[in-house]
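So the chains spell out like this:
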Amino acid sequence: THFGFETISEDSKDDRVGAVFSSVAASYDTMNDFMSLYIHRLWKDHFVRSLNPGINPLTSSSSEPQGMNILDIAGGTGDIAFRLLDHATTIHNDQTTRVTVADINPDMLAEGRKRSLETPYASTGRLNFIETNAEKLDAIPSDSVDLYTVAFGIRNFTHKDTAIREAFRVLKPGGIFACLEFSKVQNQLFDAVYKRWSFSAIPLIGQIVAGDRDSYQYLVESIEKFPSQTEFRDMIRDAGFVIPGEGPDGEGYGWENLSGGIAAIHKGMKP
Ligand code: SAM
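What you see is a predicted model; the values in this text were computed from it and never measured. (Residues numbered from 1 in each chain as written. Predicted model: local features only at pLDDT ≥ 70, side-chain atom pairs only at ≥ 80, totals over all residues. Heavy atoms only, no water.)

**Some words on the overall build of the protein**
We count it as follows: Working definition: helices are DSSP H or I runs of at least four residues, strands are E runs of at least two. Numbering for both runs from the N terminus. Each residue's exposure class comes from its accessible area (1.4 Å probe, protein chains only) as a fraction of the maximum for that residue type: buried when under 20%, exposed when over 50%, partly exposed otherwise. In short, Shrake-Rupley with a 1.4 Å probe defines the accessible areas, and a residue's cover is counted only from the protein chains shown.
Summing up its helical and strand segments, the protein has nine helices and seven strands in all. Of all 271 residues assigned to the protein, the portion counted as buried reaches 53%. Surface exposure of the protein reaches about 12,500 Å², of which carbon and sulfur atoms provide 54%.

Have a look at this one:
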């Protein structure tokens, strides 16, 4: 491939992914808008609304409201974290829920910190940023997190199953793992049109807008290689999670397709 993605060893994948995101950090948000025709914003809004973050009814008393402890993995430029805090604050009048944005890439985190200065959360202690690999969350104690989110991040991880097991470790019993990620388009005709768009237009837009064709070629290839809805649901279940709403045969449950399967939301609850 352009990026040598097929031939690099798994051990060097973290470095390679790091190089990709360092190179796209500054243009990342603009490129998302261009590539998805702004639809990624709707997906992210829907993802956060479906999680309904805010005051934790299980652990809060009305005299002492207690917010959620949220971990946004691969949080990059803070897109999901800001939405989570906005929802908690405006919908639940919750000033206590806090989000830790964790990312392996210091340049993406720096962009997130910079953007956070334009939000009301900058010096509230409700938002912090840590540099870490999702596969080894040593800074996060076991059974400490109410909600683990990962949006458009997990397909870049070298060992996805290890990252999901780390999510299981850090979540409290009853805590939720929630993933928004590109997935498999369900309709064959739509899939053909979508593949044509992504394989030709996205690298070209990357070249024109960000001057970086190879990084966007890599992003398209990483989407193509990511497991199907069912396979990914099974990976989450294999890590020990209960899949919400799963029927007796498991089929057709455990995820929500967005835009015909271009993206999907998967959730799991730690029993
Ligand atoms: N969540 C953000 C969003 O939805 O806009 C950013 C998504 S961006 C496509 C993917 C992010 O995953 C990058 O910031 C990258 O640095 C991060 N990432 C890749 N591999 C990682 C790993 N092993 N651990 C933590 N973060 C990782």
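From this point, the discussion proceeds with the structure in view.
**Points about the packing of aromatic side chains**
Quick reminder of the rule: Two rings belonging to Phe, Tyr or Trp (six-membered ring only in the last case) form a pair when the distance between their centres is within 6.5 Å. Interplanar angles under 30 degrees mark stacking, angles over 60 mark edge-to-face geometry, and anything in between is tilted. Either the NZ atom of lysine or the CZ atom of arginine qualifies as a charge over a ring when it sits within 6 Å of the ring centre and within 35 degrees of the ring normal.
Overall, the coordinates contain seven aromatic pairs when judged by the stated rule. Considering the side-chain rings of Phe168 and Phe241, the 5.1 Å spacing of their centres and the 80° angle between planes classify their relative orientation as edge-to-face. Note that Phe168 is positioned in helix 6 (residues 160–170) and Phe241 in the loop between helix 9 (229–238) and strand 6 (255–258), a separation of 73 residues in sequence. Under the relative-accessibility criterion, Phe168 is labelled partly exposed at 22%. What links up through ring pairs into an aromatic cluster is the set Tyr148, Phe168, Phe177 and Phe241. The residue whose ring lies beneath Lys270 is Phe168, and the NZ or CZ to ring-centre distance is 5.0 Å.

**Topic: a nonpolar patch on the surface**
So the rule is basically this: Within this analysis, patches are made of residues with over 30% relative accessible area and no salt bridge. Like charges are joined at 9 Å or less; nonpolar side chains (Val, Leu, Ile, Met, Phe, Trp, Tyr) at 5 Å or less. Salt bridge criterion: a side-chain nitrogen from Lys or Arg within 4 Å of a carboxyl oxygen from Asp or Glu.
The grouping of Phe34, Leu204, Ile208 and Val209 at the surface amounts to a nonpolar patch, some 380 Å² of accessible area in total. If you tally residues by element for the nonpolar patch, the top one is helix 7 (residues 188–210), at three residues. Along the polypeptide, Val209 turns up in helix 7. Judged by relative accessible area, Val209 falls into the partly exposed class, the value being 34%.

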